[in-house]
Amino acid sequence: MIFSAFAVDVVRYNPPHSQEDKRNDYPLTVLTAALEATEEEYGAYRIDYAPFLLRRERALKELLHGEIINVYSAASQQHWEETLPPIYFPILRGLLNYRLLLINRKDEAVFANLSTNEQLMSLRAGLGAQWSTTKVFRSQGYAIVTSNNYDGLFGMLHYGRFDYFSRGINEIYSEFDAYRGKYPSMAIEQTKALHVPLPVFFFVAPNEVRLRERIEKGLWALQESGEFKQIFDRFHGDAIRRANIKDKLVLHIDNPFLSDHPIYENLALWVSPEEY
């Protein structure tokens, strides 16, 4: 049945933190493709940015009302899943689990000689105050310095307020290119990687039952057609190959906040960077 004559599905999405913040580009491309894949059944759609930026915890509260934003992508947190279950489809294929380190060039030897989690725990990680990563690092006893200002974290690294900034493979290269001119002391550490389980899902306002159903159907349609993998590789394939995880020492950090869900057993949905 065609619904296009009756409704336009409107997505209201959180805007980026700044012009340099490109983290929305990929999830919005996936979201758009999922809406396109279901257009014959559900009809027209539109994606609008919210009028102002919502920080992580405020975003959850507003998402529950569904007025300012009604779709949000985020690394999952247990209390988020308990409050508002996500669409259990890992839109980043688990790539955010694999993290490289932005460091100060003067500390390259320190990190090159580091070989254990205990040694890393003695150094200070810079993190966003409300990030899922922050909760994980704090729970595992890592020394952290937090900020609510995404752009400001790069400056804090440059000025020595902390020792390293853990970034997903999908984030680090574009961020380095965006900020290295302003902060020339910044470098990408070449010998280590972290593995921190951080699945990214779409969360949808509870009053948007039709929209949630549509996005979920669209995501699985993209997976079945192979288009999802094509989008993923177009955005992230080069970064995965550049990261060269197989030649790095990978330190694992447990995430005690993951839910017990069968989606984690579906290996076809998760990436193995070593295979690129």
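One can find the structure itself at the top, above this paragraph.
Since the model is a prediction, treat every value here as computed from it, not as a measurement.

1. Considering the overall build of the protein chain
Broken down by element type, the protein chain carries eleven helices and eleven strands. A compact globule built from 276 residues should have a C-alpha radius of gyration of about 19 Å, and the protein chain, at 19 Å, falls within 12% of that. In terms of overall dimensions, the protein chain has a C-alpha envelope of 65 × 40 × 35 Å along the principal axes. Sequence separation of 24 or more characterises 78% of the internal contacts of the protein chain that already satisfy a separation of 6 or more. Counting every atom, the protein chain has about 12,400 Å² of accessible surface; 50% of that belongs to carbon and sulfur. For the protein chain, the separation between the mean place of its 30 positive charges and that of its 36 negative charges on side chains is 6 Å.

2. Observations concerning unusual backbone geometry
The phi dihedral of arginine 93 falls on the positive side, at around 55°, and the residue is not glycine. Relative to the helices and strands, arginine 93 is located in the loop between α4 (78–83) and β4 (98–104). Here arginine 93 falls in the buried class, since its relative accessible area comes to 8%. Its identity as a non-glycine residue notwithstanding, asparagine 244 has a phi of 50°, on the positive side. Examined against the element boundaries, asparagine 244 turns out to sit in the loop between α11 (227–243) and β11 (249–252).

3. What about helix α3 (residues 56–65)?
What α3 keeps buried is the set Arg56, Ala59, Leu60, Glu62 and Leu63. In this fold, the buried residues of α3 make contact with β3 (71–75), α4, α7 (132–139) and β10 (200–204). Trailing α3 by a residue or two, glycine 66 shows a phi angle of about 75°, which is positive.

4. Focus on the environment of tyrosine 98
In this fold, tyrosine 98 is placed in strand β4. Separated by 21 residues in the primary sequence, tyrosine 98 and glutamine 77 have C-alpha atoms spaced 17 Å apart.

5. Structural notes on helix α8 (residues 150–158)
Burial in α8 covers these residues: Tyr150, Leu153, Phe154, Gly155, Met156 and Leu157. Tucked into the core, α8 has its buried residues touching β4, β5 (124–128), β6 (143–147), β7 (164–168), α9 (169–179) and β8 (186–188). Its side-chain oxygen at 3.1 Å from the backbone nitrogen of aspartate 151, asparagine 149 defines the N-terminal cap of α8. Phi for glycine 160, located one or two positions after α8, is positive at around 80°.

6. Quick notes on the pattern of salt bridges
Overall, the coordinates contain 13 salt bridges when judged by the stated rule. The salt bridge involving arginine 210 is made with aspartate 9; its shortest N-O contact spans 2.8 Å. With arginine 210 in helix α10 (residues 209–225) and aspartate 9 in strand β1 (residues 8–13), this pair connects stretches of sequence that are 201 residues apart. With a relative accessible area of 27%, arginine 210 lands in the partly exposed category. According to the relative accessible area criterion, aspartate 9 is buried, its value standing at 7%. Three or more residues joined by partner-sharing salt bridges are found here, namely Asp9, Arg210 and Arg214.

7. Section: the packing of aromatic side chains
With the rule as written, the count across this model stands at 15 aromatic pairs. With a centroid separation of 6.3 Å and 75° between ring planes, the pair formed by tyrosine 26 and phenylalanine 232 is classed as edge-to-face. Linking tyrosine 26 in helix α1 (residues 25–37) with phenylalanine 232 in helix α11, this pair joins segments that are 206 residues apart in sequence. On the basis of relative accessibility, which here comes to 0%, the residue phenylalanine 232 falls in the buried class.

About the criteria used
- Residues numbered from 1 in each chain as written.
- Predicted model: local features only at pLDDT ≥ 70, side-chain atom pairs only at ≥ 80, totals over all residues.
- Heavy atoms only, no water.
- Helix = DSSP H or I, 4+ residues; strand = E, 2+ residues; numbered from the N terminus.
- Rg over C-alpha atoms; globule rule 2.2 N^0.38 Å.
- Contact = heavy atoms within 4.5 Å.
- Areas by Shrake-Rupley, 256 points an atom, 1.4 Å probe, with all protein chains shown as cover.
- Lys, Arg positive; Asp, Glu negative; His and termini not counted.
- Charge placed at Lys NZ, Arg CZ, Asp CG, Glu CD.
- Buried < 20%, exposed > 50% of the residue type's maximum accessible area, 1.4 Å probe, protein only.
- Polar contact = N/O pair within 3.5 Å; in protein donor to acceptor, adjacent residues only side chain to side chain.
- Salt bridge = Lys/Arg side-chain N within 4 Å of Asp/Glu carboxyl O.
- Phe/Tyr/Trp six-rings, centres within 6.5 Å; stacked < 30°, edge-to-face > 60°.

Honestly, it's all geometry; don't read function into it.
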